[in-house]
Amino acid sequence: MKKELLMGTALVSTLGAASVAEAVTATMSGNHQTGIEFDQVSGGTDTNQQTQDNNFTVSLSETTDGGMTISSSFMLMNENSSSGDLDAGFTLAFTDGSKLDVINAGNASGSHDISIPGSAGAETVGTATTNAAETGLDFMTTASKQGIEYHTAADFLADGLKMSFSASTDGGEAAGTTYRVDGHVAIGATYVTDLGDSAVTIGAGWSEVDGSKTSTAPSNDTGGFHVGLSAVTGDLTVAVGFADGNKVGTGIQAVKEVTADVVKAGIKYVSGDLTFNVGMASGDSKDNTIGSI
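Residues numbered from 1 in each chain as written. Predicted model: local features only at pLDDT ≥ 70, side-chain atom pairs only at ≥ 80, totals over all residues. Heavy atoms only, no water.

**Description of the overall build of the protein chain**
Put simply, the rule reads: Helix and strand labels come from DSSP, where a helix needs a run of H or I of at least four residues and a strand needs a run of E of at least two; each type is numbered from the N terminus. Think of it in three bands: residues with accessible area under 20% of the maximum for their type are buried, residues over 50% are exposed, and the middle band is partly exposed, with areas taken using a 1.4 Å probe on protein chains only. Whether two residues are in contact is decided by their heavy atoms: any pair within 4.5 Å suffices. What sets the accessible areas is the Shrake-Rupley method with a 1.4 Å probe; for residues, cover comes only from the shown protein chains.
Within the protein chain, the secondary structure is distributed over 1 helix and 13 strands. Start at the N end of the protein chain and walk to the C end: the helices and strands fall as α-β-β-β-β-β-β-β-β-β-β-β-β-β. Counting only residues that meet the buried cut, the protein chain has 32% of its 293 residues in that class. Residue pairs in contact within the protein chain that sit at least 24 positions apart in sequence constitute 62% of those at least 6 positions apart. As presented, the protein chain carries roughly 16,600 Å² of accessible surface, and 55% of it is formed by carbon and sulfur atoms.

In structure tokens, the structure reads:
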């Protein structure tokens with residue numbers, strides 16, 4: 001894909017020479033198909049999965065003053081080592097400003113976590129691979145692909161208020177040695193108002209997830225809440241956030257339960273072409289094998 005993009009760039013650059021009569025003509029075509037497939041077999045385990053068929057092509061052409069046509073094209077594809085990026089569903093947008101996400105819709109709690117400014121530097125912090133401390137406000141907002149999320153229009157119930165509601169069902173995966181999500185329910189809200197010269201945003205969310213694992217039931221399923229506040233005064237942004245909850249069986253903690261809380265704070269100041277950021281995150285956690293907390 002990278003080679004094709006380079007060829008397209010070279011073509012556009014060449015067509016910018018004086019011998020070209022007009023700008024490059026670009027046309028686009030493609031299709032996007034997504035859905036959920038259910039398989040019920042006479043012997044074995046019933047399965048269901050999200051399937052997609054995606055194609056998108058860009059064609060470029062131009063005719064020189066001498067009448068010669070130069071053309072090329074490239075195709076955009078999901079770059080993934082296995083079956084492609086299959087996390088996109090589809091969205092229904094309604095005339096009142098609300099919308100409904102269907103299939104892999106996500107978690108309504110995670111849709112409303114406050115963005116906290118962090119350090120603008122390139123430093124990193126090395127931690128042991130067994131470290132279970134969380135640093136984000138949305139660590140408990142997982143969902144299965146068989147889900148929907150409804151987003152209200154702006155000024156829902158009150159001026160400046162937007163809300164989201166989501167739910168998902170069992171993803172159909174067979175229970176194994178790691179935790180799987182059987183379903184979730186969640187709610188989130190963002191409220192925006194003016195306080196003097198400052199624009200204040202408050203975000204909050206709650207999520208509860210049901211899951212399972214072969215032979216061992218989790219003592220505390222994934223779930224919890226978060227709340228945050230951001231104030232913007234001219235070029236200055238100040239934000240704080242807090243989250244508390246449980247996380248089960250993902251990433252390096254695939255066979256563990258984690259009870260955690262996170263405190264985040266940050267400041268951002270923009271001065272012309274320069275942006276100054278400073279931020280902090282503090283996470284505490286207790287972890288153990290699934291079924292032991």
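**Concerning unusual backbone geometry**
With a phi angle near 50°, Asn104 is a residue other than glycine that sits in the positive phi range. Within the secondary structure layout, Asn104 lies in the loop between β5 (99-102) and β6 (147-151). Residue Asn104 is classed as partly exposed on the basis of its relative accessible area of 27%. Residues other than glycine seldom take positive phi values, yet Asp155 does so here, at roughly 60°. Asp155 gets classed as partly exposed once you look at its relative accessible area, which sits at 47%.

**A closer look at a nonpolar patch on the surface**
The condition that has to hold: To count toward a patch, a residue needs a relative accessible area over 30% and no salt bridge; like charges are then connected within 9 Å, while nonpolar side chains (Val, Leu, Ile, Met, Phe, Trp, Tyr) are connected within 5 Å. The working definition used for a salt bridge is a side-chain nitrogen of Lys or Arg within 4 Å of a carboxyl oxygen of Asp or Glu.
On the surface, a cluster of nonpolar side chains totalling about 780 Å² of accessible area is made up of Phe165, Val185, Ile187, Tyr191, Ile202, Trp206, Phe225, Val227, Leu229 and Val240. Those elements giving two or more residues to the nonpolar patch turn out to be β8 (180-195), β9 (198-212) and β10 (223-233).

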